[in-house]
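# Architecture and fold: a report
Below, each chain spelled out in residue letters.
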Amino acid sequence: MKANNIQIQCIIFLIILLPIIKPSHSSDPDPLQDFCIADLKSPPSINGYPCKPTVNVTSDDFFFDGLSKEGNTTNSPMKSFVTHGHVLAFPGLNTLGMSMNRLDIAVGGVTHPHTHPRATECGVVVKGKMLVGLITSANNVVYSKNLSAGQVFVIPRGLVHFQMNVGRGNVLVFTAFNSHFPGTVQISKSLFASKPSGNNGVNVVPDEVLMKAFQVNKTVVDEIKSNLSK
Ligand SMILES: *[C@@H]1O[C@H](CO)[C@@H](O)[C@H](O)[C@H]1NC(C)=O
Ligand SMILES: *[C@@H]1O[C@H](CO)[C@@H](O)[C@H](O)[C@H]1NC(C)=O
Ligand SMILES: *[C@@H]1O[C@H](CO)[C@@H](O)[C@H](O)[C@H]1NC(C)=O
Ligand SMILES: *[C@@H]1O[C@H](CO)[C@@H](O)[C@H](O)[C@H]1NC(C)=O
């Protein structure tokens, strides 16, 4: 009888309540107050970080100059550098559902193919010539275009994408996201440079999985792992 009651409640929920629940089209939830400067010393909760007390808020909380500095593209084999302007760098963004990054790519540089699990990305090229491409989830179709200064691109939320400097000078791009913390999954590192959780050594991506997924032998898997750990 108890199971029946639960089933009936579920059916009532699906038929009557589901259609009146407002669908959410935004990435992060709407703010409930003017602002909520993140208190980064407290642990995050479901809608972001707790708010710093209003008496502690200053003008500086609404500004961030981290994106004014050129990223160091010489310390990476990719010859590119992303400077993050998300909530951890710019606490004033907390709960506001948006953030910005700066991307510098030196001549011959690329970005790791990556995704942002929590945000759509919209970027403007400020300097240089850049190829940007995205790959669909359904059939792995690539859409790409070479952009120059002033031109804008969009990467729908969660899709794998990449950038490449195709010009003779440095590329500078500013990107905006509809999340205060979009997250970045670098495909190669997530598969070949992951860290085990716990200390019992069992929580790893088995070589067998990587060998079958990429159809290569263990020597190749080990080589990629070793290259990515440098
Ligand atoms: C707010 O300011 C008071 C007084 O300076 C300080 O003791 C307190 O730690 C501050 N709180 C936060 C969350 O910054
Ligand atoms: C960039 O990083 C490299 C390697 O870590 C370092 O040698 C160089 O001094 C850095 N350049 C700047 C401008 O910070
Ligand atoms: C972008 O430019 C590069 C270099 O000029 C060229 O090789 C490539 O085919 C172009 N890609 C697209 C999508 O137009
Ligand atoms: C592994 O694959 C590489 C690339 O196909 C090949 O050169 C190499 O001989 C293979 N090694 C073994 C041990 O089978």
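Let us look at the structure shown here. In this text, all values refer to a predicted model and were calculated from it rather than measured experimentally. (Residues numbered from 1 in each chain as written. Chains lettered and ligands numbered in written order. Predicted model: local features only at pLDDT ≥ 70, side-chain atom pairs only at ≥ 80, totals over all residues. Heavy atoms only, no water.)

## Some details on the overall build of the protein chain
So the rule is basically this: A run of H or I in DSSP counts as a helix once it spans at least four residues, and a run of E counts as a strand once it spans at least two, with each numbered from the N terminus. Exposure categories follow from relative accessible area, calculated using a 1.4 Å probe and restricted to protein chains: below 20% of the type maximum is buried, above 50% is exposed, and the middle band is partly exposed. Throughout, a contact is declared for two residues whenever any of their heavy atoms are within 4.5 Å. Throughout, the Shrake-Rupley method with a 1.4 Å probe supplies accessible areas, and for residues the shown protein chains are the sole cover considered.
A count of helical and extended segments in the protein chain gives 4 helices and 10 strands. The order of α-helices and β-strands along the protein chain, N terminus first, is α-β-β-β-β-β-β-β-β-β-β-α-α-α. In the protein chain, which comprises 230 residues, the share counted as buried stands at 30%. The long-range share in the protein chain, meaning contacts at least 24 apart out of those at least 6 apart in sequence, stands at 69%. For the protein chain, the accessible surface area stands at approximately 14,700 Å², while carbon and sulfur atoms represent 61% of it.

## Some words on the site of ligand 3
Filter applied, for reference: The nearness test applies per residue and asks whether one of its heavy atoms lies within 4 Å of the molecule or strand. Under this definition, polar contacts are N or O atom pairs within 3.5 Å; protein pairs additionally need one hydrogen-donor-capable and one acceptor-capable atom, and for neighbouring residues in sequence, both atoms have to be side-chain atoms.
Near ligand 3, the surroundings consist of Leu131, Ser144 and Asn146. Here an oxygen atom of ligand 3 and a side-chain polar atom of Asn146 are 2.3 Å apart. Expressed as a share of its isolated accessible area of 360 Å², the protein-covered part of ligand 3 is 39%.

## Comments concerning the sheet that holds strand β1 (residues 80-85)
Spelled out, the test is: Two strands make a pair as long as DSSP finds a minimum of two bridges between them. Every axis in this analysis is a line fitted to C-alpha atoms, fitted for helices over the stretch in contact. Angles between the N-to-C directions lie between 0 and 180 degrees.
With antiparallel pairing, the 5 strands of this open sheet are ordered in space as β1-β2-β9-β4-β7. Of all strands in the sheet, those with a lone pairing partner are β1 and β7 (152-155), marking the two edges. Going from strand to strand, the sheet's axes swing by 20 degrees on average, the running direction of each strand aside. Pairing of β1 with strand β2 (residues 99-105) involves 6 bridges; the strand directions are antiparallel. Note on β2: the bridge partner recorded for Thr83 is Arg102.

## Remarks on the side chain of Ser99
Position of Ser99 relative to the elements: it lies in strand β2. Ignoring sequence-local partners within four residues, the contact set of Ser99 consists of Gly85, His86, Leu93, Thr175, Ala176, Phe177, Ser179, His180 and Pro182.

## Let's talk about the environment of Ile224
Within the secondary structure layout, Ile224 lies in helix α4 (residues 218-228). On the basis of relative accessible area, Ile224 is assigned to the partly exposed category, the value being 30%.

## Brief notes about the site of ligand 1
As a structural note, the neighbourhood of ligand 1 is formed by Asp39, Pro53 and Asn56. Relative to its unbound accessible surface of 360 Å², ligand 1 loses 34% to contact with the protein.

## Let's talk about the nonpolar core
Put simply, the rule is: Here, the term nonpolar core denotes a set of buried Ala, Val, Leu, Ile, Met, Phe, Trp, Tyr and Cys residues that are joined through side-chain atoms within 4.5 Å.
In this structure, Leu103, Ile105, Val125, Met130, Val132, Leu134, Leu147, Phe153, Ile155, Leu159, Val171 and Val173 together form the largest nonpolar core, which totals 12 residues. If you list the elements that add at least two residues to this core, you get β2, β5 (129-135), β7 and β9 (171-177). The dominant element in this core, judged by the number of residues it contributes, is β5, at 3 residues. Ignoring any residue separated from it by four or fewer positions in sequence, one finds Leu159 in contact with His114, Thr115, Leu134, Ile135, Thr136 and Ser137.

## Comments concerning the state of the cysteines
Here is the rule: Pairs of cysteine sulfur atoms within 2.5 Å are identified as disulfides in what follows.
Under the defined criterion, the tally for this structure stands at 1 disulfide. Disulfide pairing is shown between Cys36 and Cys51; the S-S distance is 2.1 Å. The sign of the -105 degrees torsion about the S-S bond sets the Cys36-Cys51 disulfide as left-handed. Taken together, the residues Cys36 in the loop between α1 (2-17) and β1 and Cys51 in the loop between α1 and β1 connect sequence positions 15 residues apart. On the basis of relative accessibility, which here comes to 3%, the residue Cys36 falls in the buried class. When its relative accessible area of 37% is taken as the criterion, Cys51 is described as partly exposed.

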